[in-house]
Each structure stands twice: as structure tokens, then as C-alpha cells.
Amino acid sequence: MRVLFPVWELEPFIKVGGLGAVARSLPNALKQAGVDIRVVLPHYKATKMFHQRKQVLGTMYVLYGGKLIPITVSVISFLHTDIPVYLLANKHYFDKPIPETFAVFAGAVAQLVTSKLLQGWRPDVVHCNDNHCGLIPLLFNVQNIKIKTLLTIHCLSHQRKSPVVFATRLGIPIGKLRLSQWETKQKQLNFMTEGITHADMVTTVSPTYLKEIQTEELGVGLDDLVRENISKTTAILNGIDYTLHDPSTNVVLAKRYNLQSDLEQVKRVNKAYLQKKFGLPVKRDVTVIGFVGRLDVNQKGIDVLHRMISREEFDKCQFVIMGHGKESWEERFGTLATFLPNTVSVRTTYDEDLASLIYAGSDYVLIPSHFEPCCLIQMYAMRYGAIPIARATGGLNDTINDGVNGFLYRSPTARVLKETITKALVIKNTKPQDFQKMIVSAMETNFSWDKSAKEYITLYHHLVGN
């Protein structure tokens, strides 16, 4: 099975969000399962090469707006694997994302699979990811490229609404487009809409999210379209790479550990290290509650988190918060830390090592999201033995077993979040053996990519008819 995996970010070369982590881990799992998979993405100026020498395969030309746009195609490899990564370079369109970048990217992917630059390799399936790849299935149909396409929706709310001319410059007839009559001319072309409409199959990244985006509440204007295409849509849960997120090998921890360790003791050591690192009083009898994520009020529920900490009183609790976002929200959380220096500590830049310390040193990790297609934070937290306290939405609902390896709540309010934290504190403080059982259960929960990779492979075979 030959699969081309177009994506707009790829950890560790270029990473903005969770999709970059998925784009690194899923292809690796598919490769281990026998898939001949190759990744393609724009070659941004900010791409980190990790001292790899890229091999230039040649130059191809994409017809865009009546002009031939030169695209230089190079190849490198995933670190420590032999998965080819194709980098598509053009100083104007790909050095950094501009409004037309992903229209030209679609044209470049279509050109790549029909060119001689891949030296006889031709994919059976092109596995597209999110709105950035939304025009690829449509362009394949228009150009009569006989390769099956799969679109994975990582987040439906990111739709890339654009001027119609972005599509017509690629030679796509207006009659092929599913344009919004109610949008301004600058937003009538919806990349996500076109991807869902024209892909041969569609997946979401968790079963609950697939149900949620069929509702008006969380369908962000596309619930009708999702329901219309439900017969070709399925859900495959994301996973994490256990070799990259392993408390037994992570050198940044104060003390490494696994399920055979004295978990109470090693967590205590890592908690003290975390408290010191974040400038909080080092107290053994304090419960440390972490938050790792974007300071995004629309998705991540930071408004609920901020309201709860600023209004409620917590006895013997410390909050360690790491996340970046809008300056106004960074300032709000910074003010909390200023007024509550012994209770709240905030870092407004993302750091992978600090994230690991939070997972290893926290008793609980909060995920108060308003919606969550899948989320990886709860998986990382459980891997390190930190118990997630999360809203029962999307992939959080599918991965957390309430009262067994975490705590779930439904109403997105500060009051209910406080009640759930209080419930969790009662378990930890009055039933320590039950709390230790929850830690073991969390660490034993398997979120490796193995199962999901097999489901994708089954889907690929279904697409190509074997």
C-alpha cells in the first residue's frame, strides 16, 4: 500500500499545534505496519533541518493564474526513520504561509503525483489533512487523476474561507465549487467544505467528535454538510508515540520511572522539582494541578479556568499553567500569578521539556475545553501518571474513563469544574490507595498508534478495492 501524506506542519521540522505531532507519529506507525508512506509539505523558511542535507529532485511547474509557478522538490527523511519527506519550495508562496499558499500547495501535490520526480513511485491513496489540503481532492477530480483521496478532519472550526479566485486560478471551474451564498466575496470558497465534498472518504479524530459536528452547536455551520456525507465518513481515534513520551527514558525529569517504580515516591520527587522550577513553595502536602495548552478562549476553556481560580478558594493547591495565546489572556493569567504568588505560576511560552515536567510532577491536569476534536494532553498526562480532569467532549470523552483513569464533567462552568476538582481532591486526600490505583490505571491505558494505524490501513484497502 502506497500512501502520500500531505500536511502543513510536521514535528519536529515545523510544529504549531497538535497536528504536527500526529503528522510525525501516525506515518511512523503506518510504516511499522508495512505501509509505504511518504509525507509532503511546503518548505517554509522556518523549517528546521536538524543538519540533514536535502536531496534536490528537480523543479516542476504549477499553472496558477495563467502563470507557471516553479516549485523545487527536495527530499529528506524523518529523523531515525527512512520515511521520505518531500519539501516543496517557492520563495513567494511557501517561504511562509500567505493567503494563497494552500491553493498553490494543492496544485503542487497534484503536479507531484503525476510528475517523473518521484521516480516511478505513485500513491494508491493521498491522505489529506485538514483545510490546508481541502482543494486536493477537488483538483484530482477536475484533472482526472485516478488516485483515491482521504480527508481527515482534525478541527472543523478551521475552514480557510477564501476568495473564489484561489480555485479558478488553478483551473477549477466555478460550477465544481460548493460556494457559500451568504458569505462575502472574500470568504465564499471554503477549503474544508470542498475537501469534505470531494474526498472519496472522510475521517474525524474521535467518535464523539464525529457525533458532535453533526449538531448545530458544534458543527460550525457545516453540520448539514457532515450529515449529507455521513455514509463516507468514519472516526479513528488519534494516538501518541510512546517512544517519544516515556517517563522511564525522559532525561529532563528529576526522577525517571515506570509502572514498576514506587510511584508515590517518584511523583513526590518530581513534584518538588516542578514546584522549584516554577517558583512555588516546595510543599509535600500540596496538590499540584497543571494546565498545558493554548490560551484559546474559544476552544480551550481558559475563560472557565481563569474564572474558577480567581473566584474560588483552594486549600493546599497550587496551579502550574503553561500556554501561550492572545496577549490579553497572557496578561490576565500573569496577573493571577502576581496576586497569588504561592498558589499560581504561569509560563506563556510553550516548552516541550517543561510540559513533561508538568505531567510528571502534577497530581492532576486540567482540560476544561469547550470542544476538543481529540486532544493529546490527556494521553500525555496519563502516560506520566497525572490524572486528567476534563470536560466530557470530543476525544476527551472517548479516552477518559470517569473515576477510573480520570474525571469528566459536562457543564462548561467554573462552578462545575470546581466541584469536579473537589471530588478529585477527596479521593486523593482521604482514599490514597484508590488514588494510587487511578495513577496505575492511567499509566496502563494504551494510546499507542498501533490500533488506529490498523484502522487506517483497513480504510486504505477499502478505498482501493482490495
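See above for the structure.
Not measured: the values here are computed from a predicted model.

Each value, and the rule that gives it
Residues numbered from 1 in each chain as written. Predicted model: local features only at pLDDT ≥ 70, side-chain atom pairs only at ≥ 80, totals over all residues. Heavy atoms only, no water. Pairing = 2+ DSSP bridges. Helix = DSSP H or I, 4+ residues; strand = E, 2+ residues; numbered from the N terminus. Axes fitted to C-alpha atoms, helices over the stretch in contact; angles between N-to-C directions. Contact = heavy atoms within 4.5 Å. Salt bridge = Lys/Arg side-chain N within 4 Å of Asp/Glu carboxyl O. Buried < 20%, exposed > 50% of the residue type's maximum accessible area, 1.4 Å probe, protein only.

Peer 1: Mind showing me how you'd approach the sheet that holds strand S13 (residues 317-322) here?
Peer 2: In sheet architecture, strand pairing relies on hydrogen bonds along the backbone and comes in two forms, parallel and antiparallel. Reading across the sheet, the 6 strands line up as S14-S13-S12-S15-S16-S17 and stay open at both edges, with parallel pairing between neighbours. Every interior strand has two partners, whereas the edge strands, strand S14 (344-347) and strand S17 (407-409), have only one. Each strand of the sheet is rotated relative to its neighbour by a mean of 20°, with strand direction disregarded. Relative to S14, S13 runs parallel, the two sharing 4 bridges. Each bridged residue has a counterpart across the sheet, and for Val320 the counterpart in S14 is Ser345. Helix-sheet contacts for helix H15 (residues 432-444) involve strand S15 (364-367), strand S16 (387-391) and S17, and the interaxial angle to S16 is about 80°.

Peer 1: Quick question: what am I supposed to make of the pattern of salt bridges here?
Peer 2: Any two side chains of opposite charge can pair, on the condition that their charged atoms come close. By the definition in use, this model includes 17 salt bridges. Residue Lys316 pairs with Asp285 through a salt bridge whose shortest N-O separation is 3.3 Å. You can see Lys316 sitting in the loop between helix H9 (302-311) and S13 and its partner Asp285 sitting in the loop between helix H8 (263-277) and strand S12 (287-292), a full 31 residues away along the chain. Judged by relative accessible area, Asp285 falls into the partly exposed class, the value being 45%. Where Arg415 meets Glu419, a salt bridge forms, and the shortest distance between an N and an O atom there is 2.8 Å. Placement of the pair is Arg415 and Glu419 together in helix H14 (residues 414-430), with a separation of 4 residues, close to one helical turn. Arg415 gets classed as exposed once you look at its relative accessible area, which sits at 52%. Residue classification places Glu419 among the partly exposed positions, given a relative accessible area of 44%. Beyond isolated ion pairs, a larger network of salt bridges with shared partners links Asp223, Asp224 and Arg227.

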